[in-house]
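Analysis of the macromolecular model
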Amino acid sequence: MIVLLLVLAALVLAAGAVALSLIVSERRRHEAVESENARLLREAAEREAERSRLSGQVISAEQDERRRIALFLHDGPVQSLSGIALMLDAARHFAERGEAGQAGEVVAGALERHRQTIRELRDLSFNLEPVVLRDRGFGTAVRALADQLRLASEAGIELEVDVDAAEQMAESAQAALYQIIREALNQGILRGPPTRVSVRVEQREDGAAELVISDDAPGERRRRSFDALGERARTLSGTLTAEGGPDGGTTVRVVLPAYVAQP
């Protein structure tokens, strides 16, 4: 009888231990689930905050771009057209007085200003939407741009262009990279001109696109010029870094995330 009681007591204790173990396991599982849910909620909140930050950057960049365009139009073409109108009024006045020579000179000046205004508006249109990318492709457009800048510099420049990796990128990514290349090369010409320029685009293993522009142009770039390039990169959630080279030049590196670079 005593043995039976001891066996029953042992069974009760064992059952209690099993029940306790199950309770502890269930509690731990519940805590683990709660911890995982908290982690997921925290990550979701972080992603939403990052999305809001990037959205704010894009909106700010777009506003800055519109402001620059408005200032350019007001200070450039609009003022030129106003001046042309005044010149034509003066030419008509001279013509009515029979002073054909003076009228001709004023008309010639108005015509030259008119042509300059057309060039300014054409440049603005090109900056807003570089049609050459659609018509000729990214690689051809960049090589043509580099050749044009080399001819405009009136100096021998060694050019190395390897941008074929950008051919399969999204159109928005191509347009942003093209504009950055264009502005960076123009800055190098103004500072130098350089004797060596390298433009390279690579598709990284993680799908991101990396643009590297190097030159040996003398002189330091103004911080404002880097800010302008960085702003173009930020409109596509990209990053831009710039550093001086051992030869006194500059290396500009732009990275666009995979979800932006891929079509």
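The structure displayed is predicted, hence computed values, not measured ones.

**Re the environment of Gly238**
- Here Gly238 is to be found in the loop between α6 (223-234) and β4 (239-244).
- Gly238 sits 30 residues away from Ala208 along the chain, and the two C-alpha atoms are 9.6 Å apart.

**Quick look at the nonpolar core**
- If you look at the biggest cluster of nonpolar residues, it comprises 35 residues, and the most contacted ones within it are Phe138, Ile181, Val199, Leu211 and Ile213.
- Residue assignment for this core shows that the elements contributing at least two residues are α3 (131-136), α4 (138-153), α5 (171-191), β2 (196-203), β3 (209-215), α6, β5 (250-256) and α7 (258-261).
- Take this core: its biggest share by element is eight residues, from α5.
- Those residues within four positions of Ile181 in sequence are excluded, and the remaining contacts are Phe138, Val142, Leu145, Val199, Leu211 and Ile213.

**Focus on the pattern of salt bridges**
- All chains considered together, the criterion is met by seven salt bridges.
- Asp89 serves as the salt-bridge partner of Arg92, at 3.9 Å between the closest nitrogen and oxygen. On the criterion of helical spacing, the pair formed by Arg92 and Asp89 is a turn pair, its members being three residues apart in helix α1 (residues 2-96).
- Classification of Arg92 as exposed rests on a relative accessible area of 53%.

**Here we look at α5**
- Here α5 is 21 residues long and its end C-alpha atoms lie 30 Å apart, about the 30 Å a rise of 1.5 Å per residue gives.
- In terms of residue burial, α5 counts as a mostly covered element, since 15 of its 21 residues are buried.

**Quick look at the sheet that holds β5**
- Spatial ordering of the open sheet is given by β1-β2-β3-β5-β4, a layout of five strands whose pairing is mixed. Strand pairing shows two members of the sheet lacking a second neighbour, β1 (158-162) and β4, which therefore form its edges. Neighbouring strand axes in the sheet, compared pairwise and without regard to direction, differ in orientation by 10° on average.
- Pairing of β2 with β3, which is carried by seven bridges, proceeds in the antiparallel orientation. Looking at β3, one finds that Glu202 is bridged to Glu210.

Quick notes on the rules
- Residues numbered from 1 in each chain as written.
- Predicted model: local features only at pLDDT ≥ 70, side-chain atom pairs only at ≥ 80, totals over all residues.
- Heavy atoms only, no water.
- Helix = DSSP H or I, 4+ residues; strand = E, 2+ residues; numbered from the N terminus.
- Core = buried A, V, L, I, M, F, W, Y, C linked by side-chain atoms within 4.5 Å.
- Buried < 20%, exposed > 50% of the residue type's maximum accessible area, 1.4 Å probe, protein only.
- Contact = heavy atoms within 4.5 Å.
- Salt bridge = Lys/Arg side-chain N within 4 Å of Asp/Glu carboxyl O.
- Expected span 1.5 Å × (residues − 1).
- Pairing = 2+ DSSP bridges.
- Axes fitted to C-alpha atoms, helices over the stretch in contact; angles between N-to-C directions.

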